[in-house]
Amino acid sequence: MTPDDAITTAERAVDLSGSDPARARALAHVVLRSAPAADPRGEAAAIAHRALAVAARELGDLPLAEEHLRRAVSIALLAGLPHRAAQARLSLVHVRTELGHPRQALAIAATAEPHLDRVEVAKLGVHRAVALSRLGRYAEAVSHCDHAVDVLRDDVRFLAGAMLNRGLARVFLGEFEAAEADLTRCAELARDAGLDHLLALAEGNLPFLAARRGDLPTAFTAYRRAENSLFGYPERLATMRCDLAEALIAAHLPGEARVLLDLAVPELAAAGAEVALAEARLLLARVELRTGDPHRARQSAERAAADLTAQGRVALIPLATEVLLRARLMLGPPSGELLVELLSCADALEGAGHREVSRALRFTAAEVALRLGDRPGADDQLARLASGGSDVVSRQATALLRALAGDRRGAFAAVRAGLAEVGAAAMAFEDPMVRAHAVRSGEPLAAFGLALALRTGRGRTLLAWAERWRAVAGGAGRPVAPDVDELRSALGDGALVEFVRNGDELIAVAVTPDRVMLRRLGPFAAVAEATVRLRYGLRRTCLLDGRAPELAREAALLERLLFGPLRGRLGDRPLVIVPTGPLHTLPWPILPMNADRPVTVAAGAAAWLAGGRVRAAWDGGVVAVAGPALRCAEAEAAMVGSCHPGTERVAALRAEVMAALERAEVAHLAAHGMFSPRSPLLSSITLDDGPMMAYDLLRLRTPPRLVILSACEAGMAHAPADGAPLGLAGTFLSTGSQCVVASLVPVRDEETLALMTTFHELLAAGGSPARALTTASGKTGVAGFVCFGYGDQPTATGREGSATQLDQDPT
């Protein structure tokens, strides 16, 4: 091999290092084995070590990459080849950034730049952008990438890299459309050029983009795809997990974020990716704190703080300190020393540009001052926050100041103003899941309003404030509450019970024809645990995989915990129930007191009232759908047709079912169902051509008034905030359906057919959905189905006389 051949082979190895690292390594080793005879100056060796470094970087071995680049620089300088040394330094910029030294990386870039040509300077800018982004200098990163894109039109690998880095910087700047265009273009270039690693990175950052713009379901779907495409690149996969976790934290999903970070941190540590590792440990500390694990949060924050200090990343150190201080506050009583540290950290956070975190910590400091009896100190901090803006923290501070001064009316006004701002901001999101998570920033303010209302001891006041928060979470946009007199009139002889949480205490507000009552029920944790046990026992009974003798005992216990102080007042009245939190998963009709009582479950009193205002005659048709692989589905659909003359049978295809749902008054879907607790709007009903997800249902403009989901667990819901139960049933109701009947547990096919036969016979005879379900459950002994929404209006779909019953309906 001649010297020219050695240089040509080494440069070929550099060219291949991004697309075929294994082949690049093989060529580089050929060059090194031929030295020194074929490479007397060492120029080819310097290039070969650079190729080995880039290949090692692509394979996730950053320490090895740095070792090869250092050798390349040394060989080039000894040989008097400043240009070759600058080329190696160009690659070293990215590696030093990923190893945790972005400032050093920028210094290396400055040293290399005078010895590089115009195209190489543009390539250097692509690597500089990574270091700048790590330091939070996103606009500068975009500027460097803009220049690179203009210059590097013929170098696909670096052009795609420029698109990738610019796209990520634009995500942080909130320029989501431009970011998506860059990432998409990067993926196209990489796919056409066979640059699998860049393609994987572009696709791997789509979950981060989706989550940052508020599209969480798309983020999770893209994440599952990216996991497959990034297989074999553990450091890249870990970085993608961290990016998505950060967005999930912002969306108030710390549990989901922690799962990702628990995977990412050891992967980054193994890869030696010190910059990303420090950030991951900081994120992990934050989610450990938010998920109630202060011991681990303190450990993670201490390691993150040490790493960030070593890297000179002073802007992030106060964030680690904030976690440490909050962990100390959770682990022990407050002290004057801790108060001083809290205020010092709040100042440091503000100085580093973390204004929102600073203001939240300053409010915590004010609360600590109150606990320590330092009223003047608390007043000073609260006044500073109240006058410092119009955000939620400002409203909280104003409300607390007024409450401390004895101005309850003024405190309520501040809470209402804050909730109005939260609700107005959330209205920008059409996606109910995103909206439900977006309003959670207002939860502390809503909780303060509920606590104030509870102190009045008046059921009307507590009901009003609970409903205001449900209105905001449910997408009303304004914190409005229903008129209690209108509510009582609509209930007629019935009763409504709304459950409210105040910390770990559960409270019930009952509305009956003659009064509004407030009853404190005790610890919520006991009720939540009993609900889980009851559902487990009911599942066992329904699936016949074991006897559950404890089922009756658990049902009686729950009835006592939930309705003990109210039982006598409720009598045997029809009942509307408004749950909170995990109570959305409780099959309420199974409680002994509800055996013969029509029960409807609603997202809120106002939501139930709005459903009752839909009083037009039922003039549409009935549609029935039989899904695949369900033994009694065809028989069930045929039964619906026999009960309701003129029923339309619809093929179990997504397009046809969606079209039918637009024109039907009553829809019966007999199919397999799947509930997705992490992403409730990914819950689905199985059709012949695939799942019809809750997200698909959001496109409905005129949904059926009554929907019967004869599918396992189709009534399950997750409520990120009270007033926003998410799932299949909740989605139908949010798009305009009046009533949904669905199961909260698996039910055997034959039993479902028996229940539904009786239910539809009663429905066709003019019975209301709630009354028909109660009677059918009693006659067949089949439990697990619940009536959601407004279930008191007869359907009048099948037989003479039902229209008269509708006119006489007292509710």
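Computed from a predicted structure; not experimentally measured.

So, how was this worked out
Residues numbered from 1 in each chain as written. Predicted model: local features only at pLDDT ≥ 70, side-chain atom pairs only at ≥ 80, totals over all residues. Heavy atoms only, no water. Helix = DSSP H or I, 4+ residues; strand = E, 2+ residues; numbered from the N terminus. Buried < 20%, exposed > 50% of the residue type's maximum accessible area, 1.4 Å probe, protein only. Contact = heavy atoms within 4.5 Å. Lys, Arg positive; Asp, Glu negative; His and termini not counted. Charge placed at Lys NZ, Arg CZ, Asp CG, Glu CD. Axes fitted to C-alpha atoms, helices over the stretch in contact; angles between N-to-C directions. Parallel < 35°, antiparallel > 145°, perpendicular 65-115°, else oblique. Left-handed = near helix turned anticlockwise from the far one by under 90°. Nonpolar A, V, L, I, M, F, W, Y, C, P; charged D, E, K, R; others polar. Salt bridge = Lys/Arg side-chain N within 4 Å of Asp/Glu carboxyl O. pLDDT = per-residue confidence, 0-100. Core = buried A, V, L, I, M, F, W, Y, C linked by side-chain atoms within 4.5 Å. Pairing = 2+ DSSP bridges. Right-handed = clockwise from strand over helix to strand, strands pointing away. Phe/Tyr/Trp six-rings, centres within 6.5 Å; stacked < 30°, edge-to-face > 60°. Expected span 1.5 Å × (residues − 1).

Peer 1: Residue-level account of the overall build of the chain, with values.
Peer 2: Assigned secondary structure in the chain consists of 38 helices and 14 strands. The C-alpha extent of the chain, read off along each of the three principal axes, is 105 × 70 × 45 Å. Counting over 811 residues, the chain shows a buried share of 58%. Intrachain contacts of the chain at a sequence separation of at least 6 include 68% that bridge at least 24 residues. Distance between charge centres in the chain, computed from 89 positive and 94 negative side chains, equals 4 Å.

Peer 1: Outline the packing of helix α10 (residues 176–193) against helix α11 (residues 196–204), supporting the account with residue identities and numerical values.
Peer 2: What describes two packed helices is the angle between their axes and the distance between those same axes. Two elements in contact, α10 and α11, have axes separated by 8 Å at closest approach and are oriented at 155 degrees. Between α10 and α11, the interaxial angle falls into the category roughly antiparallel. Handedness of the crossing formed by α10 with α11: left-handed. Contact residues: L183, C186, A187, A190 and R191 in α10; L198, L199, A202 and E203 in α11. Looking at side-chain class alone, the contact of α10 with α11 contains seven nonpolar, no polar and two charged residues.

Peer 1: Tell me about the pattern of salt bridges, residues and numbers included.
Peer 2: Tallying each qualifying case throughout the model produces 47 salt bridges. Two residues, R166 and D146, come together in a salt bridge whose shortest N-O distance is 2.8 Å. Taken together, the positions of R166 in helix α9 (residues 156–172) and D146 in helix α8 (residues 138–151) put the pair 20 residues apart, joining distant regions of the chain. The buried category is assigned to R166, whose relative accessible area is 11%. Here E665 ties to R705 by a salt bridge, and the two come within 3.5 Å at their closest N and O atoms.

Peer 1: Explain the confidence of the model for the chain residue by residue, including any values.
Peer 2: In this model, the chain carries an average pLDDT of 89, and 96% of its residues clear a pLDDT of 70 or more. The least confident element of the chain is helix α38 (residues 802–807), whose mean pLDDT is 31; the most confident is strand β4 (residues 575–578), at 98.

Peer 1: With reference to specific residues and values, describe the nonpolar core.
Peer 2: One finds F499, L562, F563, W588, L661 and L709 to be the most contacted residues of the largest nonpolar core, which totals 148 residues. Judged by nonpolar contacts, the second largest core, of 94 residues, contains A76, A141, L164 and A247.

Peer 1: Any details on the sheet that holds strand β11 (residues 690–693)? Residues and values, ideally.
Peer 2: Overall, antiparallel pairing links the three strands, which are arranged β9-β10-β11 in an open sheet. Two strands lie at the open edges of the sheet, namely β9 (673–674) and β11, each paired on one side alone. With two bridges joining them, β9 and strand β10 (residues 684–687) adopt antiparallel strand pairing. The residue bridging G673 from the neighbouring strand is I685, located in β10. Contacts from helix α33 (residues 654–663) reach β10 and β11, with the element oriented near 30 degrees to β11.

Peer 1: I'd like a rundown of the environment of F176, residues and numbers included.
Peer 2: Topologically, F176 is positioned in helix α10. Those residues in contact with F176 that sit more than four places away from it in its chain are V171, L209, R212 and R213.

Peer 1: Which residues make up the pairing of strand β12 (residues 706–710), and what are the values?
Peer 2: Along β12, five of the five residues are buried, which leaves the element largely enclosed by surrounding structure. Of the two faces of β12, both are covered, the one formed by L706, I708 and S710 as well as the one formed by V707 and L709. Examined bridge by bridge, strand β8 (residues 664–670) and β12 share five bridges and lie parallel to one another. Bridge pairing in β12 links A667 to V707. In this structure, β12 lies alongside strand β13 (residues 739–743), joined through four bridges in parallel fashion. Bridging across to β13, L709 finds its partner in A742. Read as a crossover between parallel neighbours, the route from β12 over helix α35 (residues 728–735) to β13 is right-handed.

Peer 1: Give a detailed account of the sheet that holds β8, specifying residues and quantitative values.
Peer 2: Spatially, β3-β2-β1-β4-β5-β14-β13-β12-β8-β6-β7 is the arrangement adopted by the eleven strands of the open sheet, whose pairing is mixed. Here the strands that pair on one side only, and so sit at the sheet edges, are β3 (515–523) and β7 (648–650). Pairwise comparison of adjacent strand axes, ignoring direction, gives a mean angle of 25 degrees for this sheet. Pairing geometry for β13 and strand β14 (residues 785–789), over five bridges, is antiparallel. The residue bridging A742 from the neighbouring strand is V786, located in β14. On the sheet, helix α29 (residues 550–563) packs against β1 (495–502), β2 (505–512), β3 and β4 and is oriented at approximately 85 degrees with respect to β1. Sheet strands in contact with α33 are β6 (621–626), β7 and β8, and its direction is about 145 degrees off that of β8.

Peer 1: Break down the packing of aromatic side chains for me, with residues and values.
Peer 2: Tallying each qualifying case throughout the model produces seven aromatic pairs. Seen in terms of ring centroids, F172 and F208 are 5.3 Å apart; in terms of plane orientation they differ by 50 degrees. Their pairing is tilted. Here the residue F172 occupies a position in helix α9, and F208 occupies one in helix α12 (residues 206–212), the gap between them amounting to 36 residues. What makes F172 partly exposed here is its relative accessible area of 28%. Residue F208 is classed as buried on the basis of its relative accessible area of 1%. Judged by centre distance (6.1 Å) and plane angle (75 degrees), the ring pair of F563 and W588 falls under edge-to-face. Here F563, found in helix α29, pairs with W588, found in the loop between β4 and β5 (599–601); they are 25 residues apart in sequence, far enough to count as distant.

Peer 1: Describe the environment of G418, with residues and values.
Peer 2: By the element assignment, G418 lies in helix α23 (residues 408–426). As for G418 and R395, which are separated by 23 residues in sequence, their C-alpha atoms are 5.5 Å apart. Apart from the residues lying within four places of it in its own chain, the contact partners of G418 are R395 and L445.

Peer 1: Can you explain helix α28 (residues 524–543)? Please cite residues and give values.
Peer 2: Each turn of an α-helix holds 3.6 residues, which means side chains three or four residues apart point in the same direction. Counted at 1.5 Å a residue, the expected span for α28 with its 20 residues is 28 Å, and the 29 Å between its end C-alpha atoms agrees. The complete set of buried residues in α28 reads F524, V527, A528, A530, T531, L534, R535, G537, L538 and C542. Those residues of α28 hidden inside the fold are in contact with β1, β2, β3, α29 and α36 (749–764).

Peer 1: Describe the pairing of β13, with residues and values.
Peer 2: Most of β13 sits out of view: five of its five residues are buried. Side chains of β13 alternate between two faces, with C739, V741 and S743 and V740 and A742 buried alike.

Peer 1: Any details on the packing of helix α18 (residues 317–331) against helix α20 (residues 355–371)? Residues and values, ideally.
Peer 2: Following both chains from N to C, one finds α18 and α20 inclined at 25 degrees, their axes separated by 12 Å at the closest point. Here α18 is positioned roughly parallel relative to α20, judged by the angle of their axes. The two elements α18 and α20 cross, and the hand of that crossing is left-handed. Here L319, E322, R326 and L329 of α18 come into contact with α20, specifically with V357, A360, L361, T364, V368 and R371. Among the residues making up the contact of α18 with α20, the classes are represented as six nonpolar, one polar and three charged.

Peer 1: Break down unusual backbone geometry for me, with residues and values.
Peer 2: At A629, a position not held by glycine, the phi torsion is positive, near 60 degrees. Of note, the phi angle at E713 is positive, near 60 degrees, even though the residue is not glycine. Relative to the assigned elements, E713 resides in the loop between β12 and α35.

Peer 1: Account for the side chain of T398, with residues named and values stated.
Peer 2: Checked against the element boundaries, T398 lands in helix α22 (residues 392–404). Other than its neighbours up to four places away in sequence, T398 contacts A386 and A414.

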